[in-house]
Amino acid sequence: MDKIRIIIADDHQLFRNGLKFLLNAFPDLEVVGEASNGEEFLRLLCTTKADIALMDINMPVMDGIEATRKGLRLCPDIFIIALSMYGEEDYYYKMVDAGVRGFLLKDSDINEVNEAIHTVSRGGSY
């Protein structure tokens, strides 16, 4: 079975490093790239084959909402899961309108993140 290739887009390096460490511990997941803002994500998307992107909403330079819209135009076959510290409905609806397939709070357990990745990679929503 091929590994699920993941890009993490978040402006906090420590968060990216921790999430990458935890995700790479699963034998069927592989973090193939990281971005600290939406523009970096778009550049990375042009050069890196990925199945899933974990997208922070609030980032400098370009936020996750705009990066999601533009990223799906560039690469319509990638599935994006929003990451947020906030459970506010306004963020949720903006990201769903932008095209995300899932939504996770940053305080989610790593097993829930794994479940969301697998659900979305099979074409579902989370």
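Above: the structure in question.
Residues numbered from 1 in each chain as written. Predicted model: local features only at pLDDT ≥ 70, side-chain atom pairs only at ≥ 80, totals over all residues. Heavy atoms only, no water.

J.: Please give an account of the overall build of the protein chain that cites residues and values.
T.: Helix and strand counts for the protein chain come out as five helices and five strands. Start at the N end of the protein chain and walk to the C end: the helices and strands fall as β-α-β-α-β-α-β-α-β-α. Radius of gyration (C-alpha) of the protein chain: 13 Å, near the 14 Å computed for a compact globule of 126 residues. With the C-alpha coordinates aligned to their principal axes, the bounding extent of the protein chain is approximately 35 × 30 × 30 Å. (Helix = DSSP H or I, 4+ residues; strand = E, 2+ residues; numbered from the N terminus. Rg over C-alpha atoms; globule rule 2.2 N^0.38 Å.)

J.: Run through the pattern of salt bridges, naming residues and quoting values.
T.: One pass over the structure, following the stated rule, counts eight salt bridges. Between Arg-5 and Asp-51 there is a salt bridge, with the nearest N and O atoms lying 3.0 Å from each other. Highlighted residues: Arg-5 in strand E1 (residues 4-9) and Asp-51 in the loop between helix H2 (38-47) and strand E3 (52-56), separated in sequence by 46 residues. A relative accessible area of 21% places Arg-5 in the partly exposed class. Across the salt bridge formed by Glu-34 and Arg-16, the nearest N and O atoms sit 3.1 Å from each other. A residue pair is termed long-range when its members are at least 10 positions apart, and Glu-34 in strand E2 (residues 29-35) and Arg-16 in helix H1 (residues 13-24) qualify at 18 residues. Salt bridges sharing common partners tie together Asp-10, Asp-56 and Lys-106. (Salt bridge = Lys/Arg side-chain N within 4 Å of Asp/Glu carboxyl O. Buried < 20%, exposed > 50% of the residue type's maximum accessible area, 1.4 Å probe, protein only.)

J.: How would you summarise the state of the cysteines if you had to cite specific residues and measurements?
T.: Using the criterion set out here, one finds zero disulfides in the structure. Cys-46 forms no disulfide, and the closest cysteine sulfur to it belongs to Cys-75, at a distance of 8.8 Å. Given the relative accessible area of 16%, Cys-75 is considered buried. (Disulfide = S-S within 2.5 Å.)

J.: Please set out the packing of aromatic side chains residue by residue, giving values where relevant.
T.: Throughout the structure, instances matching the rule amount to two aromatic pairs. Relative to Tyr-93, the ring of Tyr-92 lies with its centre 5.2 Å away and its plane at 75°, an arrangement referred to as edge-to-face. Under the relative-accessibility criterion, Tyr-92 is labelled partly exposed at 36%. Here Tyr-93 falls in the partly exposed class, since its relative accessible area comes to 45%. The interplanar angle of 75° and the centroid separation of 5.4 Å between the aromatic rings of Tyr-92 and Phe-103 together place this pair among those described as edge-to-face. Within this pair, whereas Tyr-92 is found in helix H4 (residues 89-98), its partner Phe-103 is found in strand E5 (residues 102-105), the two being separated by eleven residues in sequence. The structure contains a cluster of three or more aromatic residues connected by ring pairs, namely Tyr-92, Tyr-93 and Phe-103. (Phe/Tyr/Trp six-rings, centres within 6.5 Å; stacked < 30°, edge-to-face > 60°.)

J.: Explain the pairing of strand E4 (residues 79-84) residue by residue, including any values.
T.: Along E4, five of the six residues are buried, which leaves the element largely enclosed by surrounding structure. In this structure, E3 lies alongside E4, joined through five bridges in parallel fashion. Looking at E4, one finds that Ile-52 is bridged to Phe-79. In this view, the connection linking E3 to its parallel neighbour E4 by way of helix H3 (residues 64-74) has right-handed handedness. Relative to E5, E4 is paired through four bridges, and the arrangement is parallel. Looking across to E5, one finds that Ser-84 is bridged to Leu-105. (Pairing = 2+ DSSP bridges. Right-handed = clockwise from strand over helix to strand, strands pointing away.)

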